[in-house]
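Chain by chain, the residues:
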Amino acid sequence: MDRDLWHHLPYGYPPSNLPLGTMTIASEITAPPKPQLPQPPATQQERRTVFFTAGVWLIFLIWTIVGLVESTAPAPVQIASWAALIVFPVVYLRGFFFPEPFPQVNRHLNTLAYSVALFGLGGIMSLSSSTAVLNVVPYVMAQWIFNHRLLTGVLAVAVLFGGAAGLVTVMGFSAYAGWFLGSVGSPAIIMIFIRISIEMGDAQLHRSEQLALAKQREELASTVHDVLGHSLTTITVKVQLAQRLLDTDMNAAKTELADIENLARRSLSEVRATVTELQHPDLAEQLNQAKTALSAAGVSFDRPEQLPRLTLVQQQVFAWVVREAVTNIIRHAHATAATITITQEEATMILRIDDNGIGLSETTFDKHHGLAGLRRRAASAGGRLDVHRLDPGTRVEVTL
């Protein structure tokens, strides 16, 4: 996903015939990002989901089992076929849990290796049941359709289906034509539709998040407009008044100039605060900056080596919390060590930031404006921020 689209405030002026903020939405609500390779399951819940959704198809190995039971092949051949049948589900499921067992090569070659292994096992089983190798085809299709981009998967399915159809013709399985369409053709169509629905769901989720974030930006941009519009108008009027008073009442003119200075300073502070709201930090970047800042302050830092899959909202809320919490650790905690962890519990993500410093005197938010702001931000995203005392130190925890 192109994070630059989200984490940098677009510069430039909107067309005069559009209200302020419309250009923000027009620039943000773009086509979904270029499809990325499906990622392997990273959490226990995701692994269970993959196990059941991919493993349910193994029930169709029943046809191979029937063929092996009825086989009249020599005993050594049957033993080898049964052994291949036992190994087959392990290799098949491993392809979803670990789609890149050889990280030095690309995903295509890794999937090709899995395909060769699955067809090899199917070939061994076919020594006892001649149609067993055809039963393998849908499982190889699944490896390609669910571990690759949609276009790659569809092309692979077409090639595999064509090859299987050719094998039926060459091997004289014409009597199994109807069976072939049901056991190979139907799964192929079902898998393609499932993959398309996944793509559409991801695109819809991406667009919904874009709309939500663009709405936030539009509201903030309107705030900037209102602040500057009112302030600049007031400053303009006061400057004109001060110019007229210069020749008649110098003291009054100085008073107006002082008011102008105070108004300008206040407006500048308001603009800075609002622009800070408009900027959406990147979580990975914030973790890198946290490591640099804490190391410079003499604080050892332990952070996740790899981030789990997070929504855009989760990434940005967590990034804000990391920024504020690390600042507090450096300024106030007198800590020597800090740890950041991100874990998943059921459908929620939990960010924890621990330090071994002196801790907070109390864990309410009344006297901690930064934490109070983070608490509101987390609540607006449907989450919760809590602060806990440790012995020693403090824990800032966000559940989202």
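The rules behind these values
- Residues numbered from 1 in each chain as written.
- Predicted model: local features only at pLDDT ≥ 70, side-chain atom pairs only at ≥ 80, totals over all residues.
- Heavy atoms only, no water.
- Phe/Tyr/Trp six-rings, centres within 6.5 Å; stacked < 30°, edge-to-face > 60°.
- Helix = DSSP H or I, 4+ residues; strand = E, 2+ residues; numbered from the N terminus.
- Buried < 20%, exposed > 50% of the residue type's maximum accessible area, 1.4 Å probe, protein only.
- Pairing = 2+ DSSP bridges.
- Core = buried A, V, L, I, M, F, W, Y, C linked by side-chain atoms within 4.5 Å.
- Contact = heavy atoms within 4.5 Å.

Peer 1: Tell me about the packing of aromatic side chains, and please be specific about residues and values.
Peer 2: Given two aromatic rings, their pairing is described by the distance between the two centres and the angle made by the two planes. Throughout the structure, instances matching the rule amount to six aromatic pairs. Judged by centre distance (5.2 Å) and plane angle (80°), the rings of F88 and Y139 are edge-to-face. Of this pair, F88 sits in helix 5 (residues 75-97) while Y139 sits in helix 7 (residues 132-147), and the two are 51 residues apart along the sequence. Look at F88 and you get buried, because its relative accessible area is 0%. With relative accessibility at 4%, the residue Y139 sits in the buried group. An angle of 90° between the planes, with centres 5.2 Å apart, marks the rings of Y92 and F96 as edge-to-face. Taken as a pair, Y92 and F96 lie in helix 5 at a separation of four residues, close to a single helical turn. A connected cluster of aromatic rings, assembled from ring pairs, spans F88, Y92, F96 and Y139.

Peer 1: Lay out the environment of T131 with the relevant residues and their values.
Peer 2: Relative to the helices and strands, T131 resides in the loop between helix 6 (107-126) and helix 7. Spatially, the C-alpha atom of T131 lies 8.1 Å from that of G67, the residues being 64 residues apart in sequence.

Peer 1: Could you give me a rundown of the pairing of strand 4 (residues 384-389), with the residues and numbers involved?
Peer 2: In this sheet, strand 5 (residues 394-399) lies alongside strand 4 in antiparallel orientation, the contact comprising six bridges. Bridged to H388 within strand 5 is R395. Where strand 4 folds back on strand 5, the antiparallel hairpin that results is connected by four residues, among which G393 adopts a positive phi of roughly 105°.

Peer 1: I'd like a description of the pairing of strand 3 (residues 348-355), backed by residues and values.
Peer 2: Burial within strand 3 is extensive, with seven of its eight residues counted as buried. Sheet topology places strand 2 (residues 337-345) next to strand 3; eight bridges connect them, and they run antiparallel. Counted as the bridge partner of Q344 is M349 from strand 3. Bridge count for strand 3 against strand 5 is six bridges, and the pairing is antiparallel. In the strand pairing of strand 5, I353 is matched with V396.

Peer 1: So what about the nonpolar core? Which residues, and what values?
Peer 2: Ranked by internal contacts, the top residues of the largest apolar core, which has 37 residues, are L58, F88, Y92, F96, L118, M125 and M141. Where this core is concerned, the elements lending two or more residues are helix 3 (44-55), helix 5, helix 6, helix 7, helix 8 (150-170) and helix 9 (177-245). It is helix 7 that contributes the most residues to this core, 12 residues altogether. Apart from residues lying up to four places away in sequence, L58 is in contact with F88, P89, Y92, L93 and Y139. Of all hydrophobic cores here, the second largest spans 32 residues; its members include F318, V322, A333 and L385.

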